[in-house]
Amino acid sequence: MRLGSGTFAACCVAIEVLGVAVFLRGFFPAPVRSPSRTEHRAEPPAPEPSSGASSNWTKLPPPLFSKVVIMLIDALRDDFVFGSKGVKFMPYLTYLVEKGASHSFVAEAKPPTVTMPRIKVDDNVTRHLDKVLERDDWDVLILHYLGLDHIGHASGPESPLVGRKLSEMDGVLMRIHTSLLSREAGVLPPSALVLCGDHGMSETGSHGASSVGEVNTPLIFISSAFERKTGDIRHPKHVQQTDLAVTLAVGLGLPIPKNSVGSLLFPIVERRPMREQLRFLHLNTVQLVKLLQENVPLYKKDPGFEQFKMSERLHGNWIKLYLEESNSEVLSHLGAKVRRQYRDALETLSLSLSRQVAPYDAYSMAVGTAVVLEVLTLLLLSIPKALGSKAELEVPLSSPLFSLLFYLTLLALSAVHIIVCTSAESSCYFCSLSWLTAGGVMVLISLLLCAVVSALTRTSVTVKPPSTIPAHCSSRWSELDLLILSGTVGHVLSLGASSFIEEEHQTWYFLVNTLCLALCREVYSNCFLGNDPDLPVARASDGAAPVLPFRSCGSDSEGDGAQQPSSASDVLGAHEKWMVLASPWAVLTCCRLLRSLNQTGVQWAHRPALGHWLASSDHKAALSVLAALSLVMVFVLLQRRCSPVSRGATALGLVGVYCYRAAVGNVLFPWQRDNVSKGVVEARFVYVLVLGILFTGTRNLLKSQVVAADSSSRTVGLWEIHSGLVLLAALLLRPHNLPVLVFSLLIQILMTKFIWKPLKHDAAEITIMHYWFGQAFFYFQGNSNNIASVDVSAGFVGLDDYVEIPTILLTAFATYAGPILWASHLVNYLSSETSSSSALRHACFCYALMGSIPVCAYIILVTSLRYHLFIWSVFSPKLLYEGMHLLITAVICIFFTALDQTKLTKS
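Residues numbered from 1 in each chain as written. Predicted model: local features only at pLDDT ≥ 70, side-chain atom pairs only at ≥ 80, totals over all residues. Heavy atoms only, no water.

*Asks:* Which residues make up the packing of helix H28 (residues 712–732) against helix H29 (residues 738–759), and what values go with them?
*Replies:* Running from amino to carboxyl end, H28 crosses H29 at an angle of 155°, the nearest separation of the two axes being 9 Å. Classified by the interaxial angle, the pair formed by H28 and H29 is roughly antiparallel. Across from His722, Val726, Ala729 and Ala730 in H28, the residues of H29 making contact are Leu738, Leu741, Leu745 and Gln748. Per-class residue counts for the contact of H28 with H29 are 6 nonpolar, 2 polar and no charged. (Axes fitted to C-alpha atoms, helices over the stretch in contact; angles between N-to-C directions. Helix = DSSP H or I, 4+ residues; strand = E, 2+ residues; numbered from the N terminus. Parallel < 35°, antiparallel > 145°, perpendicular 65-115°, else oblique. Contact = heavy atoms within 4.5 Å. Nonpolar A, V, L, I, M, F, W, Y, C, P; charged D, E, K, R; others polar.)

In C-alpha cells form, the structure reads like this:
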C-alpha cells in the first residue's frame, strides 16, 4: 500500500503520542492506594524503652488540644504574612504572631506545588462558620479558601485584589480565634488554630515549580496552651510541610500516620513535662524507623537508625533515673541530652526517607520507550522516500502478519507480560489494562519492529555504489543545511543538562539569531555576487528534492538537479534587493525587542522586564495605549487577504478584545466606567466572531473542493482560519503580550516576501524555519519549562465557572499559541506560494520528524537521570511539556494531511 509521506508521518506521530502517554503514566508514580477497612487499624503505641517500667508508660500521652481548626488559604506565600503585606492587611494575625500565644514557621513545600481540587466559591466556606463553631460534634475543622489562588492566577501577587483578600482572611481568622477563646472560658481544654498554605505563587501568579515564592508558605499555630511572648518575630524557622501531619496527630492524641516522613515540630510541645516530650519524640522516631525498614533493605547501616538505637539506650537510662527519683539536676541534663539525640535522629531519618526513590513503573516506561524509539527509527529510515519528489512510501501491510519475526516477537512480549504481571509485588499501570488492550499494544510493537527491519533491508538493498550515483547529485551542503543539522543535534544534546533545560529559551534565541545571520549571508551571496560557483549556495526548484543533508537523488527527483534556478539578482530590482538584504536584520531587531518583553527561565526571572513594568497598576495608561496600537496593527497585517465579511468580523473582534480587557480592569476605557465586571459578555462576543471567521474559512475550503476552477477560495479560506486563530490568541494572551502577535505577523510577512520567495527555499527548509520560529515565540510569550509559567487564567476567559474541557483547550492554545500560529502560517504559505504538489507532504513529514527527535532523546535522558537531584523540579516538568508539544504536533500533522487529501481529491 502506497501512502503519502504526510499521511505516514501523521500516523507515526499519533502512535508516538500513545507511547509517550504510556511512558508518562509509568514515570509519574500513581497516588498511594488508600488502605481497606481491614488494613486501616490504629497500631498500638510503641513501648517506651525501659526496664521494669509500669504498663502506663506504653499509653499515648494526653492530647494537647481538644479541638483544632485548620485554616488553609490556597497560594498563601510566606511574605504575605511575615512581610509588609501582613502588617498592612492582616493586623490581627500580625498581633498574634508578635505578642500572642503562637508559634510561627515557614513550611517548605516539595515540587510540584499543586493542589487537588476541592472547594470552589470562599463565601460558601464562611457563611456556615458561626453555626459550626457553636456545635460540639467535631474535633477537627478544615477551611479551604481558594480565592487568593484565583486572584494570583488572574492578576499576580502584586494585584490590589490580594490586599483585599488578605484583609478578608484576617477577619475570618479573628472570628475563629475569638470563638475558640470564648469556648475555653469554661472548663474545656485549650483549642488550636492552625493557619497554613498549601503552596505559594510565583511572580507571575502561578505555581507548580520550585521557586522561593511557590515553596515557602506560612505555618502558624495559635493556642492558649502556648506561653505568651513579646517582641517582633520576623525570622521564623524553616520546616517541612510534612511535619504538619505528625504535629497534628500528637496534638490530638492520635497515632502518627504510618507513611508520614515528617518530624514533630518541637516548639509545640516544649512546655510539656520532660517525660511527655521524650515520649512524643520516641513515638515519632519509632514510626520513621518502621518506615525505613519497609523501604530500605540495608536500613541498619543508615545513620538515622544508628542514632535511633543510641537515643533508645539513653532514653532507657533516663527512665531508670526517673523511677529511682534521682537527683533532679542530673535527670534534667540527661533528659536534655536524650531530647537532643532524638531530634538529631528524627532529622536524619526524615531526610533519608524523603530522598527515597519514587516508585517508578519500569515496565510501563519500557513499553512506552519501545514504541517511541521504533517510530523514530521508522521515520529516520523513511527520509529518502518521504522527502523525494513523489513524497510517497510503500507500506506493506500484509507481509508483517505472515513473517516469523512478528510471531516470535509477539510471543516473547506476551511471555514477558505474563511473567511481570503475575510475579510483581506492586501492580503497574500496563498490567492494570485489559488483556485485549495490552495485547493490542504488543501487536503494535511487533508490527513496528517488523516494519523497521523491512525498512533496513530495503535501504541496504537499494543503496547504490559510488560509481552509479548520478553526476548531477551534489553532495555539498549549504550553510543553511549545516545550521539546521548542527542546531537540531545541539538542542537535543542540551536537554541532558538541568541548566540548559531551565534556560532553554536562550538556546532557541541563539538558533533563531544564527538563522537570521545565515540568511543574511545567503541573501548577500544571491543578490550581490550572483551565481558564483565557488559559493555553497544551491537551491532546488519547487518540486525537486529538498536541498538538505537527507536529500534524495536519482530516480525520485523531478527534473535535472544540475539546472539551477536563476539567482535573486536576476529577478529583483535594485530597491527590492535592498529590502531583501535588510529583512534578516529587521527580523533580528524584532527578536531582540521581544526578548525584552518577558523575563523567563530561572537565572534572570527575578529581573524586571518590560512586561512587568506594563502590567503594574501605575502604568495602566501606557499599557492601554500599547494594547490599542497592537490590536490596530494586528488588523492591518491580517486584513489584506481576508474576505470583506471576515475583515469586518476581525475588526469587531479586536474591538471586543480591548473591551474585555477594559472590563476586567487590565486596561483603561476611553470613556468613564466605574464598575469592573468579569468581562464574560465581551469575551463571549469575541468567541462568537472567532467561530464565525473559522466557519467562513472552512466554507471557502469546501467551496474550493467543489469548484475546481476556484483556486482563490482555498487561499482565502486558509488565511481566514489563520485570522480566526490570531483573534483567539489576542483574546487569551495578556495585554502586555499583544506585541508578540504583532511581531509574529510582521516577521512572517518579511520572511515570505523577501526571504523564502526570492531565494526559493524548498518546503523542508521552510518548515524547519517555521518550527524554529514557533519554538522561539513560545518563549517570547514568557513561557518556560517551569509549570508555574503556564497562564492558567486564559482557561477562564469568558467562563462563569470552571468547565473542564473548555478550560483545558483554552489554556493549551494560549500556552502554545506561538507554535500553532507559525504552523498555521506554514500551511498558508505552502498552499498559496508554491506550485509543488508534494510541498504539504514534505512539510508534514519534516514537522513530525522535528517534533519526534527531541521527545525520543529526552525520554532516554530522563530515564537515565531519574535518580537525579532535580528530577522532580526540572526534568519531569520538561517531560510534561514535551509530551504536550508532541500532542500539538500530532494535531498539526493531521491538519496538514487533511488539507493534502482535499488537494489531491480536487486535482
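The rest of the description comes next.
*Asks:* Go over the side chain of arginine 77, please, and point to the residues and values.
*Replies:* Along the polypeptide, arginine 77 turns up in the loop between strand S2 (68–73) and helix H2 (78–82). Here the side chain of arginine 77 touches methionine 201 through a polar contact of 2.9 Å, landing on its backbone oxygen. The contacts of arginine 77, once residues within four sequence positions are left out, are Pro157, Gly200, Met201, Ser202, Glu203, Gly213, Asn216 and Pro218. (Polar contact = N/O pair within 3.5 Å; in protein donor to acceptor, adjacent residues only side chain to side chain.)

*Asks:* If you had to explain the packing of aromatic side chains to someone new, which residues and values would you point to?
*Replies:* The final tally for this structure, using the stated rule, is 26 aromatic pairs. Taken together, a centroid distance of 6.4 Å and an interplanar angle of 85° make the contact between phenylalanine 105 and phenylalanine 221 edge-to-face. Remark: phenylalanine 221 occurs in strand S6 (residues 216–223) and phenylalanine 105 occurs in strand S3 (residues 102–108); sequence separation between them is 116 residues. Consider the rings of tryptophan 508 and tyrosine 771, whose centres lie 6.3 Å apart with planes at 70°: the pair is edge-to-face. Separated by 263 residues along the polypeptide, tryptophan 508 in helix H21 (residues 504–528) and tyrosine 771 in helix H30 (residues 763–780) bring together distant segments of the chain. Comparing tryptophan 508 with tyrosine 771 shows no difference in burial state: the two are buried. Between the NZ or CZ atom of lysine 67 and the centre of the ring of tryptophan 138, over which it lies, the distance is 4.7 Å. (Phe/Tyr/Trp six-rings, centres within 6.5 Å; stacked < 30°, edge-to-face > 60°. Buried < 20%, exposed > 50% of the residue type's maximum accessible area, 1.4 Å probe, protein only. Lys NZ or Arg CZ within 6 Å of the ring centre and 35° of its normal.)

*Asks:* Requested: an account of the nonpolar core, with residues and values cited.
*Replies:* Counting 163 residues, the largest nonpolar core has Leu732, Leu741, Ile747, Met751, Trp772, Phe773 and Phe845 as its most contacted members. In terms of residues, this core owes the most to one element, helix H33 (residues 839–864), which gives 15 residues. If we ignore the near neighbours within four places in the chain, the residues touching isoleucine 747 are Val587, Cys590, Cys591, Phe773, Phe777 and Trp822. One finds Phe226, Val250, Val286 and Trp318 within the second-largest nonpolar core, a separate group that totals 52 residues. (Core = buried A, V, L, I, M, F, W, Y, C linked by side-chain atoms within 4.5 Å.)

*Asks:* Quick rundown of a nonpolar patch on the surface? Include the residues and the values.
*Replies:* A surface patch of nonpolar side chains, amounting to about 460 Å² of accessible area, comprises Trp477, Leu482, Leu485, Val489 and Leu493. Relative to the assigned elements, leucine 485 resides in helix H19 (residues 479–494). (Patch = residues over 30% accessible without salt bridge, like charges linked within 9 Å, V, L, I, M, F, W, Y side chains within 5 Å. Areas by Shrake-Rupley, 256 points an atom, 1.4 Å probe, with all protein chains shown as cover. Salt bridge = Lys/Arg side-chain N within 4 Å of Asp/Glu carboxyl O.)

*Asks:* Go over the state of the cysteines, please, and point to the residues and values.
*Replies:* Counting across every chain of the model gives 1 disulfide. Cysteine 421 shares a disulfide with cysteine 431; S-S distance 2.0 Å. Of note, the bridge from cysteine 421 to cysteine 431 carries an S-S torsion of about -85° and is left-handed in sense. Here cysteine 421, found in helix H16 (residues 404–423), pairs with cysteine 431, found in helix H17 (residues 429–432); they are 10 residues apart in sequence, far enough to count as distant. (Disulfide = S-S within 2.5 Å.)

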